[in-house]
Amino acid sequence: LCSCYSNEKMKLDLSHLDRRVYTPHETPLEPMPKLSAALGGRVNLWIKRDDQLGLTGGGNKTRKLEYSMADALKQGADTIVTCGAVQSNHC
């Protein structure tokens, strides 16, 4: 595992990164035991429930922007362009 992960609840430590808070609420990580079993039981899948943030555009996009915007502003950017992967509606 990456050294950014702690063993406690597999939590990714991003505290060393600058962040602008647009999503003040934490959302749960939930196990996916049926899908894990359907894949042979050799993986333990979990899902991050950012759909529970209540944001129309989707939580994962906003969470990404919290760190991207903080970094861009720290560097003095006056124009910011972001995009998602090919299948994303973040364009």
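Residues numbered from 1 in each chain as written. Predicted model: local features only at pLDDT ≥ 70, side-chain atom pairs only at ≥ 80, totals over all residues. Heavy atoms only, no water.

Moving on to the overall build of the protein. Helix and strand content of the protein: two helices and two strands. If you list the helices and strands of the protein from N to C, you get β-α-β-α. A burial count over the protein gives 15% of its 91 residues as buried. Counting only carbon and sulfur atoms, one obtains 55% of the accessible surface of the protein, whose full area is about 7,400 Å². (Helix = DSSP H or I, 4+ residues; strand = E, 2+ residues; numbered from the N terminus. Buried < 20%, exposed > 50% of the residue type's maximum accessible area, 1.4 Å probe, protein only. Areas by Shrake-Rupley, 256 points an atom, 1.4 Å probe, with all protein chains shown as cover.)

The subject of this paragraph is the pattern of salt bridges. Scanning the model with the defined rule gives three salt bridges in all. Salt-bridge contacts for Glu66 lead to Arg19; the nearest nitrogen and oxygen are separated by 2.8 Å. Of the two residues, Glu66 is situated in helix 2 (residues 59-74) and Arg19 in the segment before strand 1 (29-31); the sequence distance between them amounts to 47 residues. Using a relative accessible area of 1% as the deciding quantity, one classes Glu66 as buried. Put simply, Glu30 and Arg49 hold a salt bridge, and the shortest N to O gap is 3.2 Å. Taken together, the positions of Glu30 in strand 1 and Arg49 in the loop between strand 2 (46-48) and helix 2 put the pair 19 residues apart, joining distant regions of the chain. According to the relative accessible area criterion, Glu30 is partly exposed, its value standing at 30%. A relative accessible area of 21% places Arg49 in the partly exposed class. (Salt bridge = Lys/Arg side-chain N within 4 Å of Asp/Glu carboxyl O.)

By the secondary structure assignment, Asp13 is in the segment before strand 1. Of the residues examined, Asp13 reaches a relative accessible area of 39% and is grouped as partly exposed. A polar atom in the side chain of Asp13 sits 2.6 Å from the side chain of Ser15. (Polar contact = N/O pair within 3.5 Å; in protein donor to acceptor, adjacent residues only side chain to side chain.)

Topologically, Gln52 is positioned in the loop between strand 2 and helix 2. Here the alpha-carbon distance between Gln52 and Glu26, two residues 26 residues apart in the chain, equals 9.0 Å. Those residues in contact with Gln52, other than ones at most four positions away along the chain, are Thr27, Pro28 and Glu30. (Contact = heavy atoms within 4.5 Å.)

Residues Leu35, Leu39 and Val43 make up a contiguous nonpolar surface patch of roughly 250 Å² in combined accessible area. Within the secondary structure, Val43 sits in the loop between helix 1 (33-38) and strand 2. Judged by relative accessible area, Val43 falls into the partly exposed class, the value being 40%. (Patch = residues over 30% accessible without salt bridge, like charges linked within 9 Å, V, L, I, M, F, W, Y side chains within 5 Å.)

Our next topic: the confidence of the model for the protein. The predicted model of the protein has a mean per-residue pLDDT of 81, with 79% of residues at 70 or higher. Within the protein, no element has a lower average pLDDT than helix 2, which sits at 86, and none a higher one than helix 1, at 96. (pLDDT = per-residue confidence, 0-100.)

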